[in-house]
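As a plain string of letters, each chain reads:
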Amino acid sequence: MSELSTLVQFFFSGLTSGSVYALIAVSLVIVYKVSLLICFAQGEFFVIGALTMVTLTSKGLPMPLAFVLSVLISTVIGALVERILIRPIRNSSVGNLIVMTIAISLALRGSALLVWGKESHILQPFSAGKPLHVLGATLQPQVLWIIGITVVVLFVIWFFFERTTLGVAMRACAENRLGASLMGISTQKAALLSWAWGSGIGALAGMAVAPLLFMQYSSGLMPMVKGFIAMSIGGLASIAGAVVAGYLLGIVEAYTIGLISSQFADTIVFTLLIIVLIFKPSGLFGATRSREV
Amino acid sequence: MKTLGRIWWIILLLFIVLYPPTLGGMSAYKSGIMIFVGIYIILAVSLDLLMGFAGQISVGHAAFFAIGAYVSGILTVKYGASPLVALIAGMALSGAVAWAVGRPLLALKEYYLAMATLALNEIIVTLIIGLQWLTGGASGLRDVPSFSVPGFSFDNHVHYYYLVWAMVLLVVASSLALVRSPFGRTLVAIHSDETAAKTFGIDCAAYKVRVYVFSAMYASLAGSLFAHYMGFLAPDDFGVLTSINILVMLYLGGIGTIWGPALGAVFLKLLPEFTYQFQDYELLLNGVILIVVLVFMPGGLFGILKSVAERVNARGSG
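1. So, the overall build of chain B
- If you tally the helices and strands in chain B, you get 14 helices and two strands.
- The C-alpha atoms of chain B give 20 Å as radius of gyration, which agrees with the globular expectation for 318 residues (20 Å, within 12%).
- Projected onto its principal axes, the C-alpha positions of chain B cover 60 × 50 × 40 Å.
- Considering only residue pairs separated by 6 or more positions, chain B has 77% of its internal contacts joining residues 24 or more positions apart.

So, in structure tokens, the structure goes:
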């Protein structure tokens, strides 16, 4: 492989993981914007979506049907979690809410272990086809699916939050809870919907990337943390920022693994996170807003 | 109830001293279980100082557990240091790391702090995996010797049990003394309202860093004790999941009470002994316990005991 093709190869792997990080970051942002909560269980939906699809396809369901059903199932689980577990302690301290989402993550991961066991599962690619060759680098067709799904999801999110009454109402809750509730918007319903969106998008990310990974019950932690990194670099409450930061993170990570050190790539990424949190708490693209006390 | 009566201390001491010859039957296995319990009590109590009293959330406490364990392991295995020296070196390094990162890290709040501490935990674990020549990497560090002091080796599990529990008592007693001191009351003040504490002229950042250093050094002590007991160290034991496990102990027992987290550690570490045929359910059970505690019993096990004791007392005096 030539120099150039190696660099292109790293770029492709960066795009792949970047799409995943961007989707998860967006799912975190939607929940955060509407209900001011960062869900530490977001990675579990990534796993549940992917493994549900593995099970459904292995039962002989056609790919498109399994795809839609897996997203729906994850969305319903997300909404139920919000309704049953988050709402009762909604007015508790942030510390308790953080611990609650950690508890939910343990419970969901534990359930996934019981359903799917400890072994790794692999999903068949969405479409058959030989890898493409671009500038000497290999491109799996699944990568095109991942990027395509990301683009479609982002468009749907944009459409929902900008062009539908429900979406605009949810944005109103994000801007001003009291004001929104005075206008007759149910903030509870908005929080529920935001969880449904968040878990659905998290599941989509997992399903899209599952054919390239060995997915097991515990695979959710790292994507969640990377999604959070992208979210904080993007400025916590900005969907556009989260997307840009997600791709940036994926590409930086891919080149770090390829060119600097594969062993210490995560060390470097986590150090970057701490540096961003400390010096640029409003994100690299965020306005210089003062930190909330 | 904050001060445990003298009678309870005596009962507790008697139990600890008499456990190996009676319930433990002098067996290495049964002492071993209690060694684990003791190590986790130290971890839970040390996190309680930081989270329960100073109100600083940490999802990365296992970072210091790891530093203690690996400093002890590396110094004794690769450099032939005496375990006692290695233990002290581990505590010194943990304290130094906590001191160095404490100020900027603890200036963060809530989600930022949770994620930053989680990142710190991951940095330590990825370093352990990456620095293979030093730590043995993912395949682990073998042949860590038993703990010893000049003239005596704790290679018998019953002897080691007594050493670990002496440390447990030391950590619990010193933590209780710490939280009842003016220092501890200042931490509580910072926890309840940092801005108000500042207007009283309290240097909040300095206090938070100090309690972080304490907390880290105790966790490091637990790590060293763990290393010499296990004889083998692998990065899996020190990941974020371990940190979360300690968090569950804290909330299960009753955060901010020192005794509570200790109780939580006992409960959570003994539970698998009774449910070992349901090992796969452990993760789910941890999650469910945590959820139940958060929704229905915010005071944890210690809170329940406390209210029972108060009811009994009220009936007795009434």
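Following the structure, the description resumes.
2. Points about the interface of chain A and chain B
- At the junction of the two partners, chain A supplies 35 residues and chain B supplies 33 residues.
- Listed by contribution, the elements that provide at least two residues to the side of chain A that touches chain B are helix H4 (94–116), helix H9 (221–233) and helix H11 (265–279) of chain A.
- The element that contributes the greatest number of residues to the side of chain A that touches chain B is H4 of chain A, accounting for 16 residues.
- Here the residues of the side of chain A that touches chain B are counted per class, giving 26 nonpolar, seven polar and two charged.

3. Quick word on the confidence of the model for chain A
All names here are of chain A.
- With 96% of its residues at a pLDDT of 70 or more, chain A shows a mean pLDDT of 87.
- For chain A, per-element mean pLDDT is lowest for helix H7 (residues 177–182), which scores 76, and highest for helix H2 (residues 42–58), which scores 94.
- Contacts from residues 288–293, a stretch scored under 50 in pLDDT, to residues over four places away or in other chains number four contacts.

4. Notes on helix H5 (residues 110–130) of chain B
- With 21 residues, H5 of chain B ought to run about 30 Å at 1.5 Å a step, and its terminal C-alpha atoms sit 30 Å apart, in line with that.
- In terms of burial, H5 of chain B is largely enclosed, as 19 of its 21 residues are buried.

5. Here we look at the packing of helix H1 (residues 3–35) of chain A against H9 of chain A
Residue and element names in this part refer to chain A.
- Put simply, H1 and H9 touch, their axes get as near as 8 Å, and they point 75° apart. Viewed along their axes, H1 and H9 adopt a mutual orientation that is roughly perpendicular. Contacts between H1 and H9 involve Val20, Tyr21, Ala22, Ile24, Ala25, Leu28 and Val29 on the former and, on the latter, Pro223, Met224, Lys226, Gly227, Phe228, Ala230 and Met231.
- Grouping the constituent residues of the contact of H1 with H9 by class yields twelve nonpolar, one polar and one charged.

6. Overview of the environment of His191 of chain B
All names here are of chain B.
- Along the polypeptide, His191 turns up in helix H8 (residues 182–192).
- In sequence terms His191 and Ile255 are 64 residues apart; their C-alpha atoms lie 13 Å from each other.
- For His191, the contacting residues outside a window of four places in its chain are Phe53, Ala54 and Gly55.

7. Some thoughts on the nonpolar core
- Within the largest apolar cluster, 195 residues are counted, with the highest numbers of intra-cluster contacts made by Ala25 of chain A together with Ile42, Ala44 and Ala66 of chain B.
- Residues contacting Ala66 of chain B, with those up to four places away along its chain left out, are Ile124, Val125, Ile128, Gly223 and Phe238 of chain B.

8. A short note on the environment of Leu169 of chain B
Residue and element names in this part refer to chain B.
- With respect to the secondary-structure elements, Leu169 resides in helix H7 (residues 157–180).
- The exposure class of Leu169 is partly exposed, given the 16 C-beta atoms found within 10 Å.
- Note: C-alpha distance between Leu169 and Leu12 (157 residues apart in sequence) is 9.9 Å.

9. Notes on helix H13 (residues 282–296) of chain B
- Taking 1.5 Å per residue, 15 residues should reach 21 Å; H13 of chain B reaches 21 Å between its end C-alpha atoms and fits that length.
- Among all positions in H13 of chain B, only Leu283, Asn286, Gly287, Ile289, Leu290, Ile291, Val293 and Leu294 of chain B are buried.

10. A look at the confidence of the model for chain B
- On average, residues of chain B carry a pLDDT of 88, and 98% of them reach 70 or more.
- In the predicted complex, the global pTM is 0.89; the interface-specific ipTM is 0.85.

11. Regarding the environment of Leu43 of chain B
All names here are of chain B.
- Position of Leu43 among the secondary structure elements: in helix H2 (residues 28–53).
- Since 30 C-beta atoms lie within 10 Å of it, Leu43 is described here as buried.
- Sequence-distant contacts of Leu43, defined by excluding residues within four places in its chain, comprise His61, Phe65, Ala219, Ala222 and Ile246.

Rules of the game
Residues numbered from 1 in each chain as written. Chains lettered and ligands numbered in written order. Predicted model: local features only at pLDDT ≥ 70, side-chain atom pairs only at ≥ 80, totals over all residues. Helix = DSSP H or I, 4+ residues; strand = E, 2+ residues; numbered from the N terminus. Rg over C-alpha atoms; globule rule 2.2 N^0.38 Å. Contact = placed C-beta atoms within 7 Å. Nonpolar A, V, L, I, M, F, W, Y, C, P; charged D, E, K, R; others polar. pLDDT = per-residue confidence, 0-100. Expected span 1.5 Å × (residues − 1). Buried ≥ 20, exposed ≤ 12 C-beta atoms within 10 Å, placed from the backbone. Axes fitted to C-alpha atoms, helices over the stretch in contact; angles between N-to-C directions. Parallel < 35°, antiparallel > 145°, perpendicular 65-115°, else oblique. Core = buried A, V, L, I, M, F, W, Y, C linked by C-beta atoms within 7 Å.

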